[in-house]
Amino acid sequence: MDIKPLVIGDLVAGIPVMQGGMGVGVSLSGLAGAVAAEGGIGILSTAQIGYRDPDFDSDPIGCNLKAIKTELDKARKLAGNGILGMNIMVATRQYEEYVKAAVAAGVDLIVSGAGLPMNLPGLVKDAKTKLVPIVSSVKSTQVIIKYWLKKYSRLPDAIVIEGPLAGGHLGFSAEQLNDLENLRFDDEVEKIIHTVKQLEEEHRFEIPVIMAGGIYTREDMEHYLKFGVSGVQMATRFVTTYECDADDAYKQSYIDAKKEDIVIVKSPVGMPGRAILNPFMERAAGGEIPHGKCHLCVSTCDPAKTPYCITDALINAVTGNVNEALLFCGANAYRATKLEHVKDIMKEFAPERIK
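What comes next concerns the included structure. (Residues numbered from 1 in each chain as written. Predicted model: local features only at pLDDT ≥ 70, side-chain atom pairs only at ≥ 80, totals over all residues. Heavy atoms only, no water.)

Strand order across the open sheet formed by three strands is S9-S13-S12, with antiparallel pairing between neighbours. Strand pairing shows two members of the sheet lacking a second neighbour, strand S9 (168-169) and strand S12 (262-266), which therefore form its edges. Sheet analysis places S12 next to strand S13 (residues 272-276), joined by five bridges and oriented antiparallel. Looking across to S13, one finds that valine 263 is bridged to alanine 275. (Pairing = 2+ DSSP bridges. Helix = DSSP H or I, 4+ residues; strand = E, 2+ residues; numbered from the N terminus.)

A few words now on the side chain of threonine 141. With respect to the helices and strands, the residue threonine 141 is situated in helix H5 (residues 138-152). Classification of threonine 141 as buried rests on a relative accessible area of 1%. One polar contact links the side chain of threonine 141 to the main-chain carbonyl oxygen of serine 137, over a distance of 2.8 Å. (Buried < 20%, exposed > 50% of the residue type's maximum accessible area, 1.4 Å probe, protein only. Polar contact = N/O pair within 3.5 Å; in protein donor to acceptor, adjacent residues only side chain to side chain.)

One pass over the full model with this rule turns up five aromatic pairs. Considering the side-chain rings of phenylalanine 172 and phenylalanine 185, the 5.4 Å spacing of their centres and the 80° angle between planes classify their relative orientation as edge-to-face. With phenylalanine 172 in the loop between S9 and helix H6 (174-177) and phenylalanine 185 in helix H8 (residues 185-203), the pair connects residues that are 13 residues apart, well separated along the chain. For phenylalanine 185, a relative accessible area of 9% corresponds to the buried category. A centroid spacing of 5.0 Å and a plane angle of 80° characterise the contact between phenylalanine 280 and tyrosine 308, whose relative ring orientation is edge-to-face. Of this pair, phenylalanine 280 sits in helix H12 (residues 279-286) while tyrosine 308 is found in the loop between H12 and helix H13 (310-318), placing the two residues 28 residues apart along the sequence. Assessed through its relative accessible area of 3%, tyrosine 308 is described here as buried. Taking NZ or CZ as reference, arginine 237 lies 5.2 Å from the ring centre of tyrosine 216, over its face. (Phe/Tyr/Trp six-rings, centres within 6.5 Å; stacked < 30°, edge-to-face > 60°. Lys NZ or Arg CZ within 6 Å of the ring centre and 35° of its normal.)

Any link to function would need more than the numbers given here.
Below you can see the structure in the form of structure tokens.
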């Protein structure tokens, strides 16, 4: 199959793979820098990106904003001339400040979901940073594009379609996620691509579409390239790499997981998500797990009503305390059998397979 580079404006990724942003701390400078160095697009997650700062408990947002530049600078040293982006959730408290900090740090692109990034162009203004909203339906695609055109006279530089097989928080109802056969999401993918193609012709502006959710092998990528996407976003496959920023115990939880261990969970921030069933999740399902001071993560969280602190649970995951953790993962996490190097994964997805 003829596989072409992923082109987003003046950014050209020789291998059409964007690594998905994973927080807390799973995709920071180590992973993102490695993917970018190999010709893909490396993405750092800004979700509690400053969690290792000694002042994090007293000033989480300040530490996060500071860490945006620190982690991006570290990734640049690894990436060389590679492309680096940041995933910033719309639901992030003080979202606007995170976007401005990323732009000021010189990030190449911003990927934004967990809500509709309606005001993103107004925050970035005339900066060169490319804007990539995440969508899961034709309706959300149309709403974003119509608003951006009317208010900012701007179109997205690319669009990520995130399907129901993705990890972490998902843009689907629990009912949809538990009935994937009837969801028939590939039909929705085709409709989104058709909508984007019409806009491209009307405005004479290329908007590459990137497919995410359940992409694990080259064959998965080729399946969606036939639909007309320009590239794929892949996250779960990169967790079990030596370069991933998470603790080895977190990576081992993927390797040890069986298909039946991967479940849809109710996140304390009000969204369904996909994770590995473990003792922590079993306790959480049975009642509230005490938590302390709020870490000001997302605006949809009400600390007084949450069964546990998602920040604490995700920090436990990334630091290796996996029995006290929320272990977010994609639907294909059970396919991991060993640790890999990013370089070898990228060879698998290269335009010409490298033996």
